[in-house]
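Fold and contact review
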Amino acid sequence: MNILVTGGAGYIGSHTTVELLNAGHKVIIADNLYNAHYTAVSNIAKITGKTPAFYQINCACRNQLRHVFTEQKIDAVIHFAAYKAVGESVKKPLEYYRNNLDSTMTLLEVMEEFGCKSLVFSSSATVYGPNNPHPYKEEMPAIQSSSPYGWTKVMNERILTDYCTAHPDFSAVLLRYFNPIGAHESGLIGDDPNGIPNNLMPYIGRVAAGKLEKLTIFGGDYDTPDGTCQRDYLHVVDLAVGHLKALEYAAEHKGVEAINLGTGNGVSVLELVNAFQKVNGMKLPYVIGPRRDGDLPAFWADASKAKELLGWEATHTVEDMCRSSWQFAKNASI
Ligand code: WQD
């Protein structure tokens, strides 16, 4: 199929594009490069031997998006394009609501105009909010979040659900990611955010590469086995394969379906740091500092629905995630 991947030059988008190309699909990337580099596109070509079509556009701009659909026959869309920095969203809520909601609504309008009826949406475990017990299951209320970024995911899920009600022949799969980390085995693509990383693993990578002095572990006094927060870390290649499976599912089914993509296991910050040190044979300088506002002590996925509906489950280990993260971080650009 011909797949439009919005945000396809980004961390998860580039890994998903690799899996799509390897599976024989044609890929068209639309990305404004706000939080990505064109080198990801050329590295995708190095990895797969195939070069995706690339359009540097803003997906919230209808004319720019229409141009892509006019030039390319699009069979389905995987929609990653969004601002995604939790802390930044608190400072710039309007930019986040404008960009993340307009891009989804504009995409739906243009898909309708061109008769494209299949969408996989990049959602997040953040939609489960702070009040659900873990492991999170899809039928739990997913109607709140703790940041404007997270709220855009809740609202986009609502928009897609209501759109599917109004358009019964449309298919939307809402993939709720837990904590994607790791990188493609080539070391050519990975998580390389602009500026100081907010997320744990890219920060660890910069410390390991000597670009940052030390890691601060945010809180060592939580009610968890070792006092540090637990998360469901998922290898980004497993996550990418999950998108391929979701695309196949969307092609065979109508309506909206929310699906968790996680391992179903909770791993603490200290466990991840220790695994990183062990598998890469290094000492990582870190201190335990105060808690970070908004952090939940622990959550992970119930991943049974992905296995039942998509035939998908995570296969990579924490060691694989740590090894591949370092393989990428030591070569990364910044
Ligand atoms: C993980 C753990 C931190 C940095 C976020 C978004 C979520 C999703 C994934 C997009 C926490 C600790 C971190 C550091 C640390 N993104 N940490 N020192 O917060 O679980 O989820 O990314 O969908 O929406 O909220 O991920 O990697 O930021 O933090 O101790 O320098 O690592 O306190 O316990 P998080 P994270």
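It should be emphasised that the depicted structure is a prediction, and the values quoted were computed from it without experimental measurement.

1. Let's talk about the packing of helix α1 (residues 11-22) against helix α8 (residues 236-252)
- Running from N to C, α1 and α8 cross one another at 60°; their axes reach a closest spacing of 8 Å. Our classification of the angle between α1 and α8 gives oblique. Considering the relative orientation of α1 and α8, their crossing is right-handed. Facing α1, whose interface residues are Tyr11, Ile12, His15, Thr16, Glu19 and Leu20, α8 presents Val236, Val237, Leu239, Ala240, Val241, His243, Leu244 and Leu247.

2. Remarks on the packing of aromatic side chains
- One pass over the structure, following the stated rule, counts ten aromatic pairs.
- For the ring pair Tyr163 and Phe170, a centre distance of 5.0 Å and an interplane angle of 85° mean the geometry is edge-to-face.

3. Here's the deal with the side chain of Gln72
- Topologically, Gln72 is positioned in the loop between α3 (62-71) and β4 (76-79).
- Looking at Gln72, its side chain comes within polar contact range of the side chain of Tyr55, at 2.9 Å.
- Sequence-distant contacts of Gln72, defined by excluding residues within four places in its chain, comprise Lys26, Ile28, Ala53 and Tyr55.

4. Digging into the site of the ligand
- Surrounding the ligand, one finds 19 residues, the nearest of these being Tyr149, Leu200, Phe218, Arg231 and Asp295.
- A distance of 2.6 Å separates an oxygen atom of the ligand from a polar atom in the side chain of Tyr149.
- Residue Asn179 places a side-chain N or O atom 3.0 Å away from an oxygen atom belonging to the ligand.
- A total of 690 Å² of accessible area belongs to the ligand in isolation, and the protein chains cover 88% of it.

5. Considering unusual backbone geometry
- Between His134 and Pro135 the backbone carries a cis peptide bond, its omega angle lying at 5°.
- Summarising the element assignment, Pro135 is placed in the loop between β5 (118-124) and α6 (148-166).
- Non-glycine residue Leu33 carries a positive phi angle of around 60°.
- Relative to the assigned elements, Leu33 resides in the loop between β2 (26-30) and α2 (39-48).

6. Things to note about the packing of α3 against helix α5 (residues 93-113)
- Remark: α3 packs on α5, axes separated minimally by 10 Å, with the N-to-C direction vectors making an angle of 40°. Judged by the angle between their axes, α3 and α5 are oblique. Note that α3 runs across α5; the crossing there is right-handed. In this structure, α3 contributes Arg62, Leu65, Arg66 and Phe69 to the contact, and α5 contributes Thr106, Leu107, Glu109, Val110, Met111 and Glu113.
- For the contact of α3 with α5, the class distribution of residues is five nonpolar, one polar and four charged.

7. Description of the pattern of salt bridges
- Per the counting criterion, the structure on display carries 18 salt bridges.
- In this structure, the salt-bridge partner of Arg66 is Glu113, at a minimum N-O distance of 2.4 Å. Pair noted here: Arg66 is in helix α3 and Glu113 is in helix α5, with a separation of 47 residues, a long-range link.
- Residue class for Arg66 comes out partly exposed when judged on its relative accessible area of 28%.
- Taking relative accessible area as the criterion, Glu113 reaches 38% and is therefore assigned partly exposed.
- Note that Glu257 is salt-bridged to Lys305, the shortest N-O span being 2.8 Å. One end of the pair, Glu257, is in strand β11 (residues 255-261); the other, Lys305, is in helix α10 (residues 304-310), with 48 residues separating them in the sequence.
- What makes Glu257 partly exposed here is its relative accessible area of 22%.

What counts and how
- Residues numbered from 1 in each chain as written.
- Predicted model: local features only at pLDDT ≥ 70, side-chain atom pairs only at ≥ 80, totals over all residues.
- Heavy atoms only, no water.
- Axes fitted to C-alpha atoms, helices over the stretch in contact; angles between N-to-C directions.
- Helix = DSSP H or I, 4+ residues; strand = E, 2+ residues; numbered from the N terminus.
- Parallel < 35°, antiparallel > 145°, perpendicular 65-115°, else oblique.
- Left-handed = near helix turned anticlockwise from the far one by under 90°.
- Contact = heavy atoms within 4.5 Å.
- Phe/Tyr/Trp six-rings, centres within 6.5 Å; stacked < 30°, edge-to-face > 60°.
- Polar contact = N/O pair within 3.5 Å; in protein donor to acceptor, adjacent residues only side chain to side chain.
- Near = heavy atom within 4 Å.
- Areas by Shrake-Rupley, 256 points an atom, 1.4 Å probe, with all protein chains shown as cover.
- Nonpolar A, V, L, I, M, F, W, Y, C, P; charged D, E, K, R; others polar.
- Salt bridge = Lys/Arg side-chain N within 4 Å of Asp/Glu carboxyl O.
- Buried < 20%, exposed > 50% of the residue type's maximum accessible area, 1.4 Å probe, protein only.

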